[in-house]
Amino acid sequence: MNDKIAYTRHDDVAVLRIQNPPVNALSHAVRQGLSDAMDRAEADEGVLAVLIVGEGRAFIAGADITEFGKPPKEPHLPVLCDRIEASPLLVVASMHGVSLGGGLEVALSAHYRIAQPTARVGLPEVHLGLIPGAGGTQRLPRLTGAEKAIEMITSGRHVKAGEALDMGVLDRVVEGDPEAVGLAYAQELLAEGAERRPVSEMPAAPAIDWDATYDAVLKKGRGQISPATAVRAVQAASELPFAEGLKKERDLFSELMETDQRQGMIHAFFSERAVSNLPELKGVEPRELKAIGVIGGGTMGAGIATAALLAGLVVVLIEMKDEAVAAAKGRIEGNLQGALKRGKISQEKFDALTTQALVVSTDYDALKDVDLVVEAVFENMDVKKEVFGKLDAVCKQGCVLASNTSYLDVDEIATATSRPQDVIGLHFFSPAHVMKLLEVVVADKTAPDVVATGFSLGKALGKISVRAGVCDGFIGNRILATYRTAADHMVLDGATPFQIDKALVGFGFAMGPFAVADLAGLDIGWMTRKRKARDRHPEERVPTYIDKLCEEGHFGQKTGEGYYVYEKGKRGGTPNPKIAKLIATEQAELGITPREFSDEDIVRRYMCAMVNEAAKVVGEGIARRPLDVDMTLLFGYGFPRYWGGPMKWADIVGLDTVLADIECYAKDDAWFWQPAPLLKQLVAEGRTFDDLNKEAAK
Ligand code: 3H9
């Protein structure tokens, strides 16, 4: 036995306490320790029962994900689970915190399960591109029936103790010290003469319509394969004897282990945690945050205010006129009503947030005590500078002055103040109380503790915060502009916007770029094209067909017409028949003969444009690491999680292949397809983007 398991004896019960902080992941040492401890208990004279408990904040969070992809070491988890279940002793698991994946599978191998009321259980393997691989798909349906098991496994959700008790996953929920309540339960079972109760010996779950369920889950997964695969594993539990079902589960698990999706999702899991872990912020204390100011109560400002209120911050929102004050209040209340309806807050909380925690005023003096201000006014440098001048005059010393600009130069905004070290960009995504991404834009003079405060605000609001440098569009919008342009070029050359949207939804994006443009409003792109027209390089290809639609007042969803036509009350739109004619006219003007694009061509060009620009963004230091780009695209731009992000996608496809494609496209448009120096360098050195992530973590 090793130090990962503490073995103690309490009369006729042996207690096995797992000690592997922070979350008792089932590393090789833990598996070995548990196996040895079971041997010891069985050999320990007078021991009649075994109690398994976890030390610290969780029972067990699952298999050790860091071991995936490395050669597996014995004892394997499925074997350990079978070994626990087959023990002649009575085995009880007492669970607290989370019991996830392999953690729940260990508990399901025990004969009885007791948990704290605050405990949560789940089989979240699908979020890692896998299915439960240590009997979860075979044992769970024997307790809950196939439908509930499929729902739990394919959603990967955490189920609270009360619900788990009702489902039959737990036998008892009792508050108290997990070891004490577990011991009492084990002793009670022994006193009653309770028998061992292996789940594997329980009757299999009755059949359901497997094919229909499989199809429905596959469709819902939008290209993700693991949830649908889980349905087949549960089917095996129903149709095959336990041992054969277990083998089927193992085969499916092993197949998934080899997939790109598993690699992508595990990259996403670790990157999500690494993204706000910046070496430059080690030991830097953020400034205190209790009250924040928001300038502007439009959709963005109201969203930011809502997020801050929900995080327990006091909010002072400034608008220009009384009518705007009322409108801003209305928007925030509307957002909070949504939270109330979804049961996220109570009526009392709603009342307190809207009356006590929120001040909406036309007077900048109301900001004198706040710790941080986010400006969310019109995207115009003069307007922003005027606001920052006013903030400089009224805000207390040490107050962080943040701009929510999506592309303007934060260094220049900072010149409007006498304290550029306190100025930062905090780029939220709309609706700000829903979208997870926050770009923390660090200007030349921004102080390190101001950067740390940006990240601590992001954490308080439940955001994924990414550090970005100053450039037009920062990380996300700069890369978006490039891949959007690649899509526009394909339209000029013969692909339709509708085919492009469909191909990219097929790749896994939530929406295609043209449907997104309709949603965001076509006027935004139109304004950007006008803004950039002055500095445009003569070789830059910019389609103008859609401007004609804008000139007629059609701006997408909000006006009912854009690339698609939207009928009131209906979700989604149908292709706008005017678009084909507008494109054909422009092609004729430019002398272009349209050609065919396959869906694969479309995805390839779109992705290569994204990766190439992303490599420039990393090469220039706008993003510190490739994983920062990946998380930006995942949480702000609907990039499919199972690819891990564009940089991970490129690593999987092979950087040499991506570069070769870019060089091939450059033969037709050398201006647009200039390969990123970093991409060329990595290919020459035989390295990957992930190598850069690893170097940055050292
Ligand atoms: C599985 O079980 C497969 C089996 O069916 C079959 C096998 C044959 N392994 O998230 P946090 C680390 S698949 C290794 O910041 P929180 C995490 O990286 C597994 N490390 O805290 C972080 O490290 P660092 C199924 C893990 O309180 C630290 O722990 N299980 C693991 O916000 C703290 O994590 C899952 O998918 C792990 N399994 O959330 C559960 N889990 O400090 C995945 C965590 O160095 N985990 N770490 O950055 C979670 O959902 C959350 O981490 C959890 C805690 C809810 C547990």
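Preceding this paragraph is the structure being described.
Residues numbered from 1 in each chain as written. Predicted model: local features only at pLDDT ≥ 70, side-chain atom pairs only at ≥ 80, totals over all residues. Heavy atoms only, no water.

A.B. asks: Would you mind going over the site of the ligand with me for this structure?
C.D. replies: The full set close to the ligand counts 27 residues, and Arg57, Gly102, Glu105, Glu125 and Arg273 are the nearest of them. The backbone of Ala61 places a nitrogen or oxygen atom 2.8 Å from a nitrogen atom of the ligand. At a separation of 2.5 Å, an oxygen atom of the ligand approaches a polar side-chain atom of Glu125. Summarising the interface, the protein chains cover 71% of the accessible area of the ligand, which totals 1000 Å² for the free molecule. Counting only elements with at least two residues in the shell around the ligand, the list comes to β5 (98-100), α3 (102-109), α10 (242-257) and α11 (260-274). With three residues, the single largest contributor to the shell around the ligand is α11. Residues belonging to the shell around the ligand are distributed by class as follows: 17 nonpolar, four polar and six charged. (Near = heavy atom within 4 Å. Polar contact = N/O pair within 3.5 Å; in protein donor to acceptor, adjacent residues only side chain to side chain. Areas by Shrake-Rupley, 256 points an atom, 1.4 Å probe, with all protein chains shown as cover. Helix = DSSP H or I, 4+ residues; strand = E, 2+ residues; numbered from the N terminus. Nonpolar A, V, L, I, M, F, W, Y, C, P; charged D, E, K, R; others polar.)

A.B. asks: Can you help me understand helix α23 (residues 577-590) in this one?
C.D. replies: Inspection of α23 places Ile579, Leu582, Ile583, Glu586 and Gln587 among the buried residues, and these make up the whole buried set. Down the axis of α23, the smallest arc covering the buried residues is 135°, so these residues share one side. Set apart from the buried face of α23 by more than 90 degrees, the exposed residues are Pro577, Ala580, Lys581, Ala588 and Glu589. At its buried positions, α23 is contacted by α18 (476-493), α19 (497-507) and α22 (545-551). Where α23 begins, the capping side chain belongs to Asn576, and its oxygen is found 3.0 Å from the backbone nitrogen of Lys578. Gly591 occupies a position one or two residues after α23 and carries a positive phi of about 70°. (Buried < 20%, exposed > 50% of the residue type's maximum accessible area, 1.4 Å probe, protein only. Arc of directions from axis to C-beta. Contact = heavy atoms within 4.5 Å.)

A.B. asks: Would you explain the sheet that holds strand β17 (residues 464-469) in this entry?
C.D. replies: Through backbone hydrogen bonds, the strands of a sheet pair up, either in parallel or in antiparallel fashion. Spatial strand order, β12-β11-β10-β13-β14-β15-β16-β17: eight strands in an open sheet with mixed pairing. Of all strands in the sheet, those with a lone pairing partner are β12 (358-361) and β17, marking the two edges. The average undirected angle you get between the axes of adjacent strands in this sheet is 25°. Running at roughly 170° to strand β14 (residues 400-403), helix α15 (residues 381-394) makes contact with β10 (291-295), β13 (372-375), β14 and β15 (423-428) of the sheet. Together, β13, β14, β15, β16 (437-442) and β17 form the strand contacts of helix α17 (residues 448-460), whose direction differs from that of β16 by roughly 175°. (Pairing = 2+ DSSP bridges. Axes fitted to C-alpha atoms, helices over the stretch in contact; angles between N-to-C directions.)

A.B. asks: Would you take a moment to explain the state of the cysteines for this structure?
C.D. replies: Here a disulfide denotes one covalent bond, and it connects the sulfur atoms of two cysteines. As enumerated under the stated definition, the model contains zero disulfides in all. Here Cys399 is not cross-linked by a disulfide; its sulfur's nearest cysteine counterpart is in Cys395, at 4.1 Å. With no disulfide of its own, Cys664 has Cys608 as its nearest cysteine by sulfur position, at a separation of 9.7 Å. Cys664 gets classed as partly exposed once you look at its relative accessible area, which sits at 41%. (Disulfide = S-S within 2.5 Å.)

A.B. asks: It is not clear to me how the side chain of Glu105 should be interpreted in this structure. Could you clarify?
C.D. replies: Looking at the element boundaries, Glu105 is found in helix α3. Buried charged residue Glu105 carries no salt bridge. Nearest counter-charge: Arg139, at 6.8 Å. Polar side-chain contacts of Glu105 include one of 3.3 Å to the backbone nitrogen of Gly133. Beyond its immediate stretch of four places on either side in the chain, Glu105 contacts Cys81, Leu123, Glu125, Pro132, Gly133, Ala134, Gly135 and Gly136. (Lys, Arg positive; Asp, Glu negative; His and termini not counted. Salt bridge = Lys/Arg side-chain N within 4 Å of Asp/Glu carboxyl O.)

A.B. asks: Sorry, what's going on with unusual backbone geometry here?
C.D. replies: Glycine aside, negative phi is the norm for most residues, and most peptide bonds take the trans geometry. The omega angle of the peptide bond from Pro21 to Pro22 is 5°, so this bond is cis rather than trans. Looking at the secondary structure, you find Pro22 in the loop between β2 (13-18) and α1 (28-43). Put simply, Glu74 and Pro75 share a cis peptide bond, and its omega is -5°. Even without being a glycine, Asp11 presents a positive backbone phi close to 50°. Within the secondary structure, Asp11 is located in the loop between β1 (5-10) and β2. By relative accessible area, which is 63% here, Asp11 ends up exposed. We note that Asn24 has phi near 55°; this positive angle belongs to a residue other than glycine. In this fold, Asn24 is placed in the loop between β2 and α1. Owing to a relative accessible area of 1%, Asn24 belongs among the buried residues under this scheme.

A.B. asks: I'm lost on the nonpolar core in this one. Help?
C.D. replies: Inside soluble globular proteins, nonpolar side chains tend to come together where they are buried. Judged by nonpolar contacts, the single largest core of 105 residues is most densely connected at Leu367, Tyr563, Val629 and Phe689. The element best represented in this core is helix α24 (residues 599-619), accounting for twelve residues. With sequence-adjacent residues up to four places away left out, Phe689 is seen in contact with Val611, Ala615, Pro626, Met647, Ala650, Asp651, Leu655, Leu678, Leu679 and Leu682. By size, the runner-up hydrophobic cluster in this structure holds 67 residues, among which are Val30, Ala93, Ile131 and Met167. (Core = buried A, V, L, I, M, F, W, Y, C linked by side-chain atoms within 4.5 Å.)

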